[in-house]
Amino acid sequence: MIDYVSVTPIAFPDPPLLNSVGIHEPWALRTIVEVSAGGLVGLGETYGDQAHLDMVRQVAPALAGLDPFDLNGLRARLASSGIPERGRATVGLSAHSPLMRVFAAYEVALLDLQGQATGRPVHALLGGKVRDAVPFAGYLFYKWAAHPGAAPDQWDSAVDASGIVAQARRMVEKYGFTSLKLKGGVHPPEVEIEAIQALRDAFPDMPLRLDPNCAWSVPVSRRVADQTAGLLEYLEDPTPGIDGMARVAEKAPMPLATNMCVVSFDDIPEAFAKRAVGVVLADHHYWGGLRATQRLAGICETYGVGVSMHSNSHLGISLAAMTHVAAATPALAYASDTHTPWQCGADVVEHPLSFVDGAVPVPSTPGLGVSLDRDALARMHEDYLRCGLRARDDTGYYQRFDPDYRRLIPRW
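Cut-offs applied
Residues numbered from 1 in each chain as written. Predicted model: local features only at pLDDT ≥ 70, side-chain atom pairs only at ≥ 80, totals over all residues. Heavy atoms only, no water. Helix = DSSP H or I, 4+ residues; strand = E, 2+ residues; numbered from the N terminus. Rg over C-alpha atoms; globule rule 2.2 N^0.38 Å. Contact = heavy atoms within 4.5 Å. Areas by Shrake-Rupley, 256 points an atom, 1.4 Å probe, with all protein chains shown as cover. Lys, Arg positive; Asp, Glu negative; His and termini not counted. Charge placed at Lys NZ, Arg CZ, Asp CG, Glu CD. Disulfide = S-S within 2.5 Å. Buried < 20%, exposed > 50% of the residue type's maximum accessible area, 1.4 Å probe, protein only. Pairing = 2+ DSSP bridges. Axes fitted to C-alpha atoms, helices over the stretch in contact; angles between N-to-C directions. Phe/Tyr/Trp six-rings, centres within 6.5 Å; stacked < 30°, edge-to-face > 60°. Lys NZ or Arg CZ within 6 Å of the ring centre and 35° of its normal. Core = buried A, V, L, I, M, F, W, Y, C linked by side-chain atoms within 4.5 Å. Polar contact = N/O pair within 3.5 Å; in protein donor to acceptor, adjacent residues only side chain to side chain. 1 Å grid on protein atoms, 1.4 Å probe; cavity = no way out; pocket = protein on both sides within 12 Å on 5 of 7 lines; lining within 4 Å. Points joined across faces, edges and corners; volume = space filled by probe spheres on them. Nonpolar A, V, L, I, M, F, W, Y, C, P; charged D, E, K, R; others polar.

Trainee: Teacher, can you tell me more about the overall build of the protein here?
Mentor: The helix and strand inventory of the protein stands at 14 helices and 14 strands. The C-alpha atoms of the protein give 20 Å as radius of gyration, which agrees with the globular expectation for 412 residues (22 Å, within 12%). The long-range fraction of contacts in the protein, counting pairs at least 24 apart against all pairs at least 6 apart in sequence, stands at 72%. Summed over all atoms, the accessible surface of the protein reaches about 15,600 Å², with 51% contributed by carbon and sulfur. Considering the protein, the positive charge centre built from 35 side chains and the negative charge centre built from 46 side chains are found 3 Å apart.

Below you can see the structure in the form of structure tokens.
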């Protein structure tokens, strides 16, 4: 039975990565969950914004005495603690379920506990591995050389096509990635098409993806899709909303992918009926955990929709969880996103999983296969207390340097 739960907010350095709504702040926030039962400790990692942290902390006392194998009981206790099932959607975008976000953090920790208790890796608890290594895509960003006033980071600047190609070459050389994704929505579409063409010239046989995070209107999205025909493996979230995506998908020569208009099971019927997406980017952090990710993949497979995995700023516990669920989910065949290169070596686990030829070998040790570095946890918690950030605000941070900047979706 669960003896105690520990919830620790942390912060770690984040480079100045540009996107459609601004730029990353100097610190990324995460929350580390530890669940203890019978002398074993299961680990979970989740978002670090204050509102989410408060909910994760709110339910922790309710888990005392719960059987770590009782995942249905976990959900019932979270629901009875007052965590809302439905979130509030923004204009044109779907909303994550607060309950599922909190459940996911604890489900991963309980699966880690289950694996340790039975001597089995988490992927064995999810049905057994179907691949020995999980491929990930190199995640490219337009970026500044440094946060204003700080020293340049190890990735240098990338503000144009040549900078993106140089970034890609370094990433491929270091990690061996065999597919690449560019975070767009930063420059006018023509500039980002130029970057995709430059990547194709530099990497003739490598699958490429472009994700402008809903920065384009439907007409602009259709035009970009036409101009990148034959260049992209898929085009991700070019425009807001299921209806907009469906209108683009009617004309696009490549599949459209999403992690913005299909983010819960409630979104699936409409999106699939309207053929709005050809690939769903799963994310166990907000879909409701690893088993929910497998459920999503099964539904997608039934409807002929592909599955990849979305990534946000994360550390080694999340990478391990992603690796286990992808290893045990046949339909999750696209290379997944990862922010690991942007951690610049920072992590909260003692021995992070490594990349070999762009893929993470699947662990065979019990549970997630990673252990907590308590010194690193303490340092990152101190950084959290000192940094002063309590919620991510890419737009507000950008406005410090350009007061006229406004968040616009779509922008073009």
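Having put the structure on the table, let's press on.
Trainee: Sorry, what's going on with the state of the cysteines here?
Mentor: Every disulfide links exactly two cysteines, by a covalent bond between their sulfur atoms. One pass over the structure, following the stated rule, counts 0 disulfides. Left unpaired, Cys 214 is separated from the closest cysteine sulfur, that of Cys 261, by 7.3 Å. Given a relative accessible area of 1%, Cys 214 falls into the buried group. Of all cysteine sulfurs, the one in Cys 344 lies closest to Cys 387, which takes part in no disulfide; the gap is 17 Å.

Trainee: Explain the sheet that holds strand S5 (residues 40–47) here, please?
Mentor: Paired through backbone hydrogen bonds, the strands of a sheet run either parallel or antiparallel to each other. Spatial strand order, S1-S4-S5: 3 strands in an open sheet with antiparallel pairing. Where the open sheet ends on each side, the last strands, each with one partner, are strand S1 (2–13) and S5. The mean inter-strand angle of the sheet, taken between neighbouring strand axes irrespective of direction, is 20 degrees. In terms of strand pairing, S1 meets strand S4 (residues 27–37) through 11 bridges, oriented antiparallel. Residue pairing in the sheet places Ile 10 in a bridge with Arg 30 of S4. Docked against the sheet, helix H3 (residues 98–118) engages S1, S4 and S5, running at close to 155 degrees with respect to S5. Sitting on the sheet, helix H13 (residues 374–387) touches S1 and S4, and the angle it makes with S1 is about 60 degrees.

Trainee: Could you clarify how one ought to interpret the packing of aromatic side chains in this entry?
Mentor: When we look at a pair of aromatic rings, we describe it by the centre distance and by the angle of the planes. Across all of its chains, the model carries 14 aromatic pairs by this definition. Judged by centre distance (5.9 Å) and plane angle (40 degrees), the ring pair of Trp 144 and Tyr 398 falls under tilted. In this pair, Trp 144 sits in the loop between strand S7 (138–141) and helix H5 (161–175) while Tyr 398 sits in helix H14 (residues 394–399), placing the two residues 254 residues apart along the sequence. Under the relative-accessibility criterion, Trp 144 is labelled partly exposed at 22%. Considering the side-chain rings of Tyr 398 and Tyr 405, the 4.3 Å spacing of their centres and the 40 degrees angle between planes classify their relative orientation as tilted. Here Tyr 398 and Tyr 405 have matching classes, each one buried. Put simply, the rings of Trp 144, Tyr 397, Tyr 398, Phe 401 and Tyr 405 pair up and form one aromatic cluster. Seen from the ring of Tyr 47, Arg 30 lies directly overhead, with NZ or CZ sitting 5.7 Å from the centre.

Trainee: I'm lost on the nonpolar core in this one. Help?
Mentor: Taken as a class, soluble globular proteins show a tendency for nonpolar side chains to be buried jointly. Ranked by size, the top nonpolar core spans 135 residues in total, and within it Tyr 106, Leu 199 and Val 348 carry the most contacts. For this core, the element with the highest residue contribution is H3, accounting for 11 residues.

Trainee: Sorry, what's going on with the environment of Val 280 here?
Mentor: In this structure, Val 280 sits in strand S12 (residues 279–282). Overall, the relative accessible area of 0% leaves Val 280 in the buried class. Taking C-alpha positions, Val 280 is 6.3 Å from Ser 308, a pair spaced 28 residues apart along the chain. Excluding residues that lie within four positions of it along the chain, Val 280 makes contacts with Thr 258, Val 262, Phe 272, Trp 287, Leu 296, Cys 300, Val 305, Gly 306, Val 307 and Ser 308.

Trainee: Whenever I open this one, the side chain of Thr 31 confuses me. Can you help?
Mentor: Considering the arrangement of structural elements, one finds Thr 31 in strand S4. Judged by relative accessible area, which is 0%, Thr 31 ranks as buried. Within polar-contact distance, the side chain of Thr 31 engages the backbone oxygen of Tyr 47 at 2.8 Å.

Trainee: Where do I start with the layout of surface pockets in this structure?
Mentor: Where empty space is left can be seen by rolling a probe of water-molecule size over the atoms. Size it by volume and the largest pocket reaches roughly 1,500 Å³. What lines the largest pocket is a set of 47 residues, and nearest its centre among them are His 96, Arg 101, Asn 312, Arg 392 and Arg 407. Put simply, the parts of the chain that give the lining of the largest pocket at least two residues each are S4, H3, S7 and H14. Ranked by residues supplied to the lining of the largest pocket, first place goes to S4 with 4 residues. Looking at the lining of the largest pocket, its residues break down into 18 nonpolar, 17 polar and 12 charged. Computed from the structure, the second largest pocket encloses a volume of approximately 500 Å³. Lining the second largest pocket are 22 residues; nearest its centre among them are Arg 75, Glu 85, Met 100, Phe 265 and Trp 287. Taken together, the elements giving at least two residues each to the lining of the second largest pocket come down to helix H2 (71–80), H3, helix H10 (284–287) and helix H11 (290–302). Split by residue class, the lining of the second largest pocket holds 9 nonpolar, 6 polar and 7 charged.

Trainee: Even after reading the chapter, I still don't get the environment of His 96, so can you show me in this structure?
Mentor: Looking at the secondary structure, you find His 96 in the loop between H2 and H3. A residue is classified by how much of its surface remains accessible, and His 96, at 24% relative accessible area, is partly exposed. Sequence separation between His 96 and Asp 357 is 261 residues, and the spatial gap between their C-alpha atoms is 33 Å. For His 96, the side chain forms a polar contact with the side chain of Arg 101, separated by 3.5 Å.

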